[in-house]
Amino acid sequence: AGGTLVDVGTGTRRISRMGLHAGRILGVERAPAMLEIAKAHRDAAGHPDWQLFEGDARALPLGEGIADAVVAGWVFGHFQAWMPDGWRDEVDRALAEMRRVARPGAPIVVIETLGTNHTTPRSHPGLDPYFAHLEAHGFVREVLRTDYRFADEATARRLIGRFFGEAMAAAISGADVPECTGLWLARAPFASPPRS
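Residues numbered from 1 in each chain as written. Predicted model: local features only at pLDDT ≥ 70, side-chain atom pairs only at ≥ 80, totals over all residues. Heavy atoms only, no water.

Draft legend 1. Molecular detail of the packing of aromatic side chains. Going through the model one piece at a time under the given rule, you end up with 7 aromatic pairs. Taken together, a centroid distance of 5.5 Å and an interplanar angle of 45 degrees make the contact between Tyr-130 and Phe-131 tilted. Relative to Trp-184, the ring of Phe-131 has its centre 4.6 Å away and its plane inclined at 25 degrees; by these criteria the two rings are stacked. Separated by 53 residues along the polypeptide, Phe-131 in helix α4 (residues 128–136) and Trp-184 in strand β9 (residues 179–187) bring together distant segments of the chain. Classification of Phe-131 as buried rests on a relative accessible area of 1%. Trp-184 gets classed as buried once you look at its relative accessible area, which sits at 0%. Three or more aromatic residues joined by ring pairs make a cluster, and in this case those are Trp-87, Tyr-130, Phe-131 and Trp-184. Over the face of the ring belonging to Trp-82 we find Arg-30, whose NZ or CZ atom lies 4.8 Å from the ring centre. Across the ring face of Phe-79, the terminal group of Arg-58 is positioned such that the distance to the ring centre comes to 5.7 Å. (Phe/Tyr/Trp six-rings, centres within 6.5 Å; stacked < 30°, edge-to-face > 60°. Helix = DSSP H or I, 4+ residues; strand = E, 2+ residues; numbered from the N terminus. Buried < 20%, exposed > 50% of the residue type's maximum accessible area, 1.4 Å probe, protein only. Lys NZ or Arg CZ within 6 Å of the ring centre and 35° of its normal.)

Take a look at the structure:
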């Protein structure tokens with residue numbers, strides 16, 4: 001509350017629009033089209049302390065130790081598809097940047113899907129190695145249910161289909177669509193005391 005939140009891969013500002021109580025939000029996004037949507041949301045909200053920057057998660061355009069919390073929601077899981085031969089190194093670069101901008105002891109949170117239209121976390125051959133990689137770096141997983149609630153089944157099918165595809169839309173039953181989400185939490189390291 002009242003501190004600085006860095007939102008890595010802010011996209012359309014899905015995370016920072018959730019009513020967080022941060023005093024200042026710094027969003028970083030590499031896709032100019034997403035950044036324009038984020039700017040429109042920020043301007044509509046009239047919040048002067050939400051700043052947006054064009055930049056890459058692996059080279060954040062921010063100073064060291066400025067954040068009271070750092071979050072990356074639904075970002076690094078894409079690295080496996082974008083960089084199949086070197087995704088681990090690229091994830092490591094992004095995690096190092098999150099640690100760099102965090103104040104000592106600040107929470108560093110990575111959010112990823114564990115299954116839309118699933119009531120329990122599902123295994124995913126493409127993402128499970130990435131999740132294990134996060135945990136090998138000291139991130140602890142917590143599972144949350146983040147179900148979608150739509151006005152009716154037709155709306156659920158239309159909107160889920162638009163984002164996740166027609167096969168998932170066909171599997172929807174009812175207006176509520178279950179979803180499992182993983183939060184991986186670590187803390188920024190404290191500086192080592194000087195040697196005497």
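Draft legend 2. Structural detail: the pairing of strand β1 (residues 4–8). Buried residues dominate β1, accounting for 5 of its 5 residues. Residues Thr-4, Val-6 and Val-8 of β1 are buried on one face, and the alternating residues Leu-5 and Asp-7, pointing to the opposite face, are buried as well. In the sheet, β1 pairs with strand β4 (residues 69–73) via 4 bridges, with the strands oriented parallel. By the bridge assignment, Asp-7 is partnered in β4 with Val-71. (Pairing = 2+ DSSP bridges.)

Draft legend 3. Local environment of the side chain of Asp-56. By secondary structure assignment, the location of Asp-56 is in the loop between β3 (50–54) and β4. A polar contact of 2.7 Å, which involves the side chain of Asp-56, links it to the backbone nitrogen of Arg-58. Setting aside its immediate chain neighbours within four residues, Asp-56 contacts Val-28 and Arg-30. (Polar contact = N/O pair within 3.5 Å; in protein donor to acceptor, adjacent residues only side chain to side chain. Contact = heavy atoms within 4.5 Å.)

Draft legend 4. Spotlight on the packing of helix α3 (residues 87–101) against α4. For the pair α3 and α4, the least separation of the axes is 11 Å and the interaxial angle reads 45 degrees. For the element pair α3 / α4, the angle class is oblique. At the point where α3 passes α4, the crossing takes the right-handed sense. Of the residues in α4, those in contact with Trp-87, Arg-88, Val-91, Asp-92 and Leu-95 of α3 are Pro-129, Tyr-130, His-133 and Leu-134. A breakdown of the residues in the contact of α3 with α4 according to their chemical character gives 6 nonpolar, 1 polar and 2 charged. (Axes fitted to C-alpha atoms, helices over the stretch in contact; angles between N-to-C directions. Parallel < 35°, antiparallel > 145°, perpendicular 65-115°, else oblique. Left-handed = near helix turned anticlockwise from the far one by under 90°. Nonpolar A, V, L, I, M, F, W, Y, C, P; charged D, E, K, R; others polar.)

Draft legend 5. Inspection of the nonpolar core at higher detail. Core analysis: the biggest nonpolar cluster contains 35 residues, and Val-6, Val-8, Phe-76, Met-98, Val-110 and Tyr-130 have the highest contact counts within it. Put simply, the parts of the chain that give this core at least two residues each are β1, β2 (24–29), β4, α3, β5 (107–116), α4 and β9. Among the elements that take part in this core, α3 stands out by supplying 6 residues, more than any other. Among residues more than four places away in sequence, those in contact with Met-98 are Val-8, Leu-60, Val-70, Val-71, Ala-72, Phe-76, Ile-108, Val-109 and Val-110. Leu-5, Ile-25, Val-71 and Ile-111 belong to the second largest nonpolar core, which has 8 residues in total. (Core = buried A, V, L, I, M, F, W, Y, C linked by side-chain atoms within 4.5 Å.)

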